[in-house]
Amino acid sequence: MSFAFQSARSLVRATPAFPQISYTIGAAMGMAARSPLGTSLGAGLGLLGDMLSEMILRAVPKQRTSHSKKRKRMATKGLKNRHDLVPCSGCGRPKLTAHICLNCYHDIKRKLKDMKRTAEESQQ
């Protein structure tokens, strides 16, 4: 019996106090701020403590999510068909709509480098 009494006392001591939060909430609600040395910190602290303890307890799921429910939820996240791929008019390879084909781009880039190189060699 003394063990239960001691564990209850330790729980009471472990409960956090929120005096600064209660003052700001009380001031926002138009309540007069009371000193921390007073007998009570205002009605806002009791309600705030109750709300915080309820929120913390409600944040935990009641049951473990089963494998089938988890897989049903994940089933809609699979790969989708692409509708924005079209064949390139130059080489025929697939490319994105309104984008330049990478194969054609590399060919053009290579030809421009060769043209610049030959122009520099002819000037020297």
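For the structure, see preceding data.
What you see is a predicted model; the values in this text were computed from it and never measured. (Residues numbered from 1 in each chain as written. Predicted model: local features only at pLDDT ≥ 70, side-chain atom pairs only at ≥ 80, totals over all residues. Heavy atoms only, no water.)

K.L.:
Outline the pattern of salt bridges, supporting the account with residue identities and numerical values.
P.N.:
Counted according to the given criterion, the structure contains 3 salt bridges. Salt-bridge contacts for Arg110 lead to Asp107; the nearest nitrogen and oxygen are separated by 3.4 Å. In this pair, Arg110 and Asp107 both sit in helix H5 (residues 102-123), 3 residues apart, roughly one turn of the helix. For Arg117, the salt bridge goes to Asp114, with nearest N and O atoms at 3.2 Å. Taken together, the residues span about one helical turn, with Arg117 and Asp114 both in helix H5 at a distance of 3 residues. On the basis of relative accessible area, Arg117 is assigned to the partly exposed category, the value being 46%. (Salt bridge = Lys/Arg side-chain N within 4 Å of Asp/Glu carboxyl O. Helix = DSSP H or I, 4+ residues; strand = E, 2+ residues; numbered from the N terminus. Buried < 20%, exposed > 50% of the residue type's maximum accessible area, 1.4 Å probe, protein only.)

K.L.:
Could you give an account of the environment of His83, with specific residues and numbers?
P.N.:
One can find His83 in the loop between helix H4 (67-74) and strand E1 (85-87). Sequence-wise, His83 and Thr97 are 14 residues apart; in three dimensions their C-alpha atoms are separated by 9.2 Å.

K.L.:
Which residues make up the side chain of Lys95, and what values go with them?
P.N.:
Along the chain, Lys95 falls in strand E2 (residues 94-96). Buried charge Lys95 goes without a salt bridge, the closest partner of opposite sign being Asp84 at 10 Å. Only 2.9 Å separates the side chain of Lys95 from the backbone oxygen of His99, close enough to count as a polar contact. Once residues within four sequence positions are removed from consideration, Lys95 is found in contact with Asp84, Leu85, Val86, Cys88, Ile100 and Cys101. (Lys, Arg positive; Asp, Glu negative; His and termini not counted. Polar contact = N/O pair within 3.5 Å; in protein donor to acceptor, adjacent residues only side chain to side chain. Contact = heavy atoms within 4.5 Å.)

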